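Descriptive structure summary
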Number of protein chains: 2
Amino acid sequence: MLTIVVDAMGGDHAPACVIEGTVQALQESGNRFKIVLIGQSDKVEPLLAAHDISTLNLTFLHAPEVVTMDDIPAIAVKTKQESSLVNGLQLCKAKQADAFVSAGNTGAQMAASLFVLGRIPGVLRPTIYAYFPRLEEGLTNIVDVGANVDCKPEHLVQFAEMLTIYQRYGAGIEQPLTGLLNIGEEEGKGSEMLKQAYRLLKEADQAGKITFLGNIEGHDILKGKASIVVCDGLVGNTILKFGESIPEFLGTLFKRSLDTLVTSGKMDKETATLTTGLFRGMFEPFDVEKFGGVPFLGVDGISIVGHGRSSSRAIKNMIYMAEHMIEKRVNEHIAEVLFEK
Amino acid sequence: MLTIVVDAMGGDHAPACVIEGTVQALQESGNRFKIVLIGQSDKVEPLLAAHDISTLNLTFLHAPEVVTMDDIPAIAVKTKQESSLVNGLQLCKAKQADAFVSAGNTGAQMAASLFVLGRIPGVLRPTIYAYFPRLEEGLTNIVDVGANVDCKPEHLVQFAEMLTIYQRYGAGIEQPLTGLLNIGEEEGKGSEMLKQAYRLLKEADQAGKITFLGNIEGHDILKGKASIVVCDGLVGNTILKFGESIPEFLGTLFKRSLDTLVTSGKMDKETATLTTGLFRGMFEPFDVEKFGGVPFLGVDGISIVGHGRSSSRAIKNMIYMAEHMIEKRVNEHIAEVLFEK
């Protein structure tokens, strides 16, 4: 049976939300895996006591220190060796667990994952991707979204290769399509780095490692033209955070217009409720909590990172994502493909 | 009286839309300026004949060649010397006109503007910015949005300085606030280029050239935290095109949900019409046609560029923007401030 370590201290709503999500995952899955919840006992145990966990595959492990959202990643990893983050990952390294899950400080989790678990042989730089909404079936992932700000062309190529493997084996997409995010579609557009990345991506396509569509532009992302959108971490991070701000922005504009209609008597309350439901439904494709979180690709082990804002549902889905990564042997496939080179 | 040259051949709906926008601008403004419409006579004159232009300050000038959307900028400028684009800008250079307006090939207009008009002394690289929606009063401009993909720190600083002048003198914002688009708020975040840009922007602030807020992130753009968001052309272009694709994306999602409600009888047609109006209203802040277009900042003359999709209303507003740039003496102010250095 698989063992998944869950960081009870990670996330804006930790530990309460993390405990709830963990209990939900075990209940919903019928104890399909074991969970080790790790964190400060004085914070976690009182909350855990409120749940009936006697029938669940759940154990609690005390870790005296906590890495906070404000901690500087490289420093936190060195100075907080007894944190739930570092101790949790060490359980994976020691093969006492198969995966680690946290919604805490992303930078610190990246640093700790690299430090404790290391890289899959052949990986230049581990990376982190994000899910984007799209109109049609399927999914769109953007890579990198902030782990690597100064990318070289060969890094972008490896991101595409790793995500192709993830989508093929982990998401069941037979032929993932890669697009290089650029200022125009034509070959020869963009900076020297992008021109070089274009050439290398074409070579990777010819070698059968990826399927390369060529350059794509900002307006192609939501259209779902590519299932893998490759860019450096600055571009990806900006697009990700910009995209995340859209539902709230439009929600405010929507509420203003709705209030005006209701106040002026042009719309009755019943219709307003119906319309609000319609508005909410419109943002269903923006619901990335259904994926919960994402793995650090390229790390020699499974470390799933979630949004700081994660709800219990997101935590639950992160646990499923961890299970999925193990079962689909994504890391083994990455090692095989990169070793071929 | 000011003279504005309008490129009749520029834009997806040219020349019809351009002619309509030009006529509207003259009618609405009461012939406040002179317009020289430039383009291929066999395309323009038949359409012009449909309008009563006898009372308008409008003259037509034939230019035998056309720069198309597919033309490669640097080549088009050299090989199509008798195009409406090149000839129109030459009228400005020869002081026979005060400004040039086009909704054609942006890259070619940039190249031609630089080639024919040159740079304002002291300007390292002319730039192009875009308008972004925001919740509160005021405006948000992002710079650069594609004219400069490989930026050095000193370029970003000049973009901020030029846009500060534009917003102060051209848009009446007393103290424009500049933010550096980055992956995190803290000083020291991002690539070497961004770290260096941060230091130089701070110096420009201390020298009183700009007001620098520090780093901002993707989710701060729509919040309107800064009125000037500085980034390199790849990031800006991607965010711009991504942003432009949102109304259509959400419109499709909205229509799907609405159709389901109407078909299932949960919403009557009258309410559906009301709700559709509400949805459209929500996107009012995304209407950038009210600005029509933007000037190339740093070019020694006034060259206003519009979106290829420009409607007649956008063309009209681009003409007003040209008038505004002349009257507010934005270029003179840029020359003064950059010369001080």
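Residues numbered from 1 in each chain as written. Chains lettered and ligands numbered in written order. Predicted model: local features only at pLDDT ≥ 70, side-chain atom pairs only at ≥ 80, totals over all residues.

Here we look at unusual backbone geometry
Residue Pro15(A) is reached from Ala14(A) by a cis peptide bond, and omega for that bond is 0 degrees. Positionally, Pro15(A) belongs in the loop between β1 (3–7) and α1 (16–29). The residue Asn31(A) is not glycine, and still its phi comes out positive at about 55 degrees. Looking at the secondary structure, you find Asn31(A) in the loop between α1 and β2 (34–39). Backbone geometry places Lys95(B), a non-glycine residue, at a positive phi of 60 degrees. With respect to the secondary-structure elements, Lys95(B) resides in the loop between α4 (84–93) and β4 (99–102). With 9 C-beta atoms counted inside 10 Å, the residue Lys95(B) sits in the exposed group. (Helix = DSSP H or I, 4+ residues; strand = E, 2+ residues; numbered from the N terminus. Buried ≥ 20, exposed ≤ 12 C-beta atoms within 10 Å, placed from the backbone.)

Comments concerning the domain arrangement of chain A
All names here are of chain A. Segmentation of chain A into domains returns domain 1 (3–123 + 287–339) and domain 2 (131–235). Taken over C-alpha atoms, the centre of domain 1 sits 27 Å from the centre of domain 2. Looking at the side of domain 1 that touches domain 2, the elements with two or more residues in it are α10 (312–327) and α11 (330–339). With four residues, α11 is the single largest residue contributor to the side of domain 1 that touches domain 2. Classifying every residue of the side of domain 1 that touches domain 2 by side-chain character gives nine nonpolar, three polar and two charged. (Domains from an automatic or database assignment. Nonpolar A, V, L, I, M, F, W, Y, C, P; charged D, E, K, R; others polar.)

Let's talk about the sheet that holds strand β11 (residues 303–306) of chain B
Residues and elements named next belong to chain B. Taken together, the six strands give an open sheet; going across it, the order is β3-β2-β1-β4-β11-β10, and neighbouring strands pair in mixed fashion. Looking at the sheet topology across the chains shown, the edges are occupied by β3 (58–62) and β10 (293–295). When the angles between neighbouring strand axes are averaged without regard to direction, this sheet yields 25 degrees. Of the pairings in the sheet, the one linking β10 to β11 comprises three bridges and is antiparallel in character. The residue bridging Pro 295 from the neighbouring strand is Ile 304, located in β11. Strands in contact with α4 are β1 (3–7), β2 (34–39), β4 and β11; relative to β1, the strand with the most contacts, it is inclined by about 170 degrees. The strands touched by helix α5 (residues 106–117) within the sheet are β4 and β11, with β11 carrying the most contacts at an inclination of about 175 degrees. (Pairing = 2+ DSSP bridges. Axes fitted to C-alpha atoms, helices over the stretch in contact; angles between N-to-C directions. Contact = placed C-beta atoms within 7 Å.)

Focus: helix α7 (residues 192–206) of chain B
Residue and element names in this part refer to chain B. For α7, with 15 residues, the first-to-last C-alpha span of 21 Å sits near the 21 Å given by 1.5 Å per residue. Where α7 is concerned, the buried positions are Leu 194, Ala 197, Tyr 198, Leu 201 and Ala 204. Mapping the buried residues of α7 onto a view down its axis gives an arc of 130 degrees, with all of them on the same face. Exposed and oriented more than 90 degrees from the buried face of α7 are Glu 192, Arg 199 and Gln 206. (Expected span 1.5 Å × (residues − 1). Arc of directions from axis to C-beta.)

Regarding the environment of Phe291(B)
Residue and element names in this part refer to chain B. Note on placement: Phe 291 falls in the loop between α9 (269–282) and β10. A sequence separation of 37 residues divides Phe 291 from Phe 254, and the C-alpha atoms of the two residues are 27 Å apart. When neighbours within four sequence positions are excluded, Phe 291 is seen to be in contact with Tyr 131, Asn 317 and Met 321.

Examining the packing of helix α6 (residues 153–170) of chain B against α7(B)
All names here are of chain B. Where α6 meets α7, the closest approach of the two axes is 8 Å, and the angle between their N-to-C directions is 40 degrees. Here α6 lies oblique to α7, going by the angle between them. The way α6 lies across α7 gives a crossing that is right-handed. Contact residues: Pro 153, Glu 154, Leu 156, Val 157, Ala 160 and Glu 161 in α6; Met 193, Gln 196, Ala 197, Leu 200, Leu 201 and Ala 204 in α7. (Parallel < 35°, antiparallel > 145°, perpendicular 65-115°, else oblique. Left-handed = near helix turned anticlockwise from the far one by under 90°.)

Quick notes on the interface of chain A and chain B
A common measure of how large an interface is: the accessible area buried when the components associate. Facing 42 residues of chain A, the contacting portion of chain B comprises 42 residues. Elements with a minimum of two residues in the side of chain A that touches chain B: α8 (233–263) and α9 (269–282) of chain A. The biggest single contributor to the side of chain A that touches chain B is α8(A), with 20 residues. Here the residues of the side of chain A that touches chain B are counted per class, giving 23 nonpolar, 14 polar and five charged.

Here we look at the relation of the copies chain A and chain B
Two copies of one chain are present, and they are related through a rotation about an axis combined with an axial shift. Least-squares fitting of chain A to chain B yields an RMSD of 0.0 Å, with the transformation described by 0.0 Å of translation along the axis and a rotation of 180 degrees. In the structure described here, the two chain copies are related by an operation that fits a two-fold rotation axis. Relative to the rotation axis, the closest C-alpha in chain A is found at Val235(A), a distance of 2.7 Å. The overlap is high: 100% of the interface residues of chain A also sit at the interface in chain B, so the same surface is used on both sides. (Least-squares fit on C-alpha atoms with pLDDT ≥ 70 in both.)

Quick word on the packing of α8(A) against α9(A)
Residues and elements named next belong to chain A. The interhelical angle for the contact between α8 and α9, taken along N-to-C directions, is 165 degrees, at an axis separation of 11 Å. Relative to α9, the element α8 lies roughly antiparallel. Note that α8 runs across α9; the crossing there is right-handed. Side by side, α8 and α9 meet where Phe 254, Leu 258 and Val 262 of the first sit next to Lys 269, Ala 272, Thr 275 and Phe 279 of the second. Taken together, the residues of the contact of α8 with α9 sort by class into five nonpolar, one polar and one charged.

Some points on the sheet that holds strand β10 (residues 293–295) of chain A
Residues and elements named next belong to chain A. If you walk across this open sheet you meet the six strands as β3-β2-β1-β4-β11-β10, and the pairing is mixed. Two strands in the sheet have a free side with no partner beyond their single neighbour: β3 (58–62) and β10. Adjacent strand axes in the sheet meet at a mean angle of 25 degrees, parallel and antiparallel pairs treated alike. In terms of strand pairing, β2 meets β3 through five bridges, oriented parallel. Counterpart to Gly 39 in the pairing with β3 is His 62.

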